Amino acid sequence: MLKGYVMEGKEIIIITDGDHYARKAMEYISKKLGGTALIALADNPSKITPVQMIEHIKQAKTKLVYVLIDDAGFSGVGAGESILQAIAEDDDLVIIGAVAVAAHTRNKEWTRITFAVDQDGNVINDGVNKEGIPTYEHGRINGDTVYLLDQLAIPIVVGVGDIGKMNRRDDLSKGCPITTKAIELILERSQQNNVEKDSDSKGYQ
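Residue indices follow the written sequence of each chain, beginning from 1 at its first position. Only residues with pLDDT of at least 70 are given local features in this predicted model, and only at 80 or more are side-chain atom pairs given and counted; all residues enter the totals for whole chains, interfaces and linings. Just so you know, side-chain values use all the structure's heavy atoms and leave hydrogens and water out.

Explain the sheet that holds strand β1 (residues 10–15) here, please?
In a beta sheet, neighbouring strands are held together by backbone hydrogen bonds and run either parallel or antiparallel to one another. Taken together, the seven strands give an open sheet; going across it, the order is β2-β3-β1-β4-β11-β6-β7, and neighbouring strands pair in mixed fashion. The open sheet has two edge strands with one neighbour each: β2 (36–37) and β7 (123–124). We call two strands paired when DSSP finds no fewer than two bridges between them. Numbering of helices and strands starts at the N terminus; helices are DSSP runs of H or I of at least 4 residues and strands are runs of E of at least 2. In the sheet, β2 pairs with strand β3 (residues 64–68) via two bridges, with the strands oriented parallel. The residue of β3 that forms the bridge with A37 is Y66.

What follows is the structure, encoded as structure tokens:
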């Protein structure tokens with residue numbers, strides 16, 4: 001079960017993609033927005049064990065850590081989602097949001113989303129497909145590493161198309177604008193939540 005805000009803990013943003021394009025995109029975005037992207041541990045599918053991933057998260061030099069997980073089409077809780085489950089159960093780690101990447105998955109796994117960012121950068125209430133085109137499925141997307149997201153009380157889940165692609169709309173040469181926007185929205189929401197919690201705590205003093 002997802003924990004509440006822990007000032008001393010690591011703040012995690014989950015990225016449900018671990019291929020070459022996602023790794024390059026997150027390397028760029030982490031340098032732009034701050035935080036540590038564990039791109040060296042990402043793969044398609046994820047190969048590192050949950051215990052190893054958590055060790056690397058806790059050793060990261062920044063409070064904010066981006067964790068890339070990928071089941072490569074495996075149905076149910078695969079290697080990537082086992083990592084997610086372990087992170088959610090660790091008292092020192094707080095998942096502040098997730099970028100749920102759409103896929104043309106045969107298994108039709110899906111998750112509810114807070115909203116999506118389409119290939120034109122619009123924030124919408126419907127889902128998107130792998131190209132970032134709206135699917136008109138209200139509040140949900142299909143993907144291959146999203147099953148467990150729907151089981152956790154993650155504060156904000158943003159749906160996007162295939163990171164670094166989306167008909168070149170999210171290309172690295174353009175600064176990966178769609179994925180960048182999704183992460184910026186998660187960070188903004190997290191900051192707002194922290195301010196609200198600080199205000200609530202002061203009200204009881």
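Which parts of the structure should I look at to understand the confidence of the model for the protein?
Any segment with low pLDDT has predicted coordinates that should not be analysed in fine detail. Residues with a pLDDT of 70 or more make up 88% of the protein, whose mean pLDDT is 89. Low confidence marks residues 1–7, where pLDDT is under 50. Its contacts with residues over four positions away, or in another chain, come to 22 contacts. Residue-level confidence of the predictor is summarised by pLDDT, bounded by 0 at the bottom and 100 at the top. Every residue pair with non-hydrogen atoms within 4.5 Å of one another is taken to be in contact.

Honestly, the pairing of β1 in this entry has me stumped. Any pointers?
Across a regular strand the side chains alternate sides, sitting on one face of the sheet and then on the other. Accessible area is worked out with a 1.4 Å probe on protein chains only. A residue is then buried under 20% of its type maximum, exposed over 50%, and partly exposed in between. The element β1 is extensively covered by neighbouring structure, given that six of its six residues are classed as buried. Residues of β1 alternate between two faces, with K10, I12 and I14 on one and E11, I13 and I15 on the opposite face, all of them buried. Pairing of β1 with strand β4 (residues 93–101), which is carried by six bridges, proceeds in the parallel orientation. Residue pairing across strands places I14 opposite A98, the latter belonging to β4.

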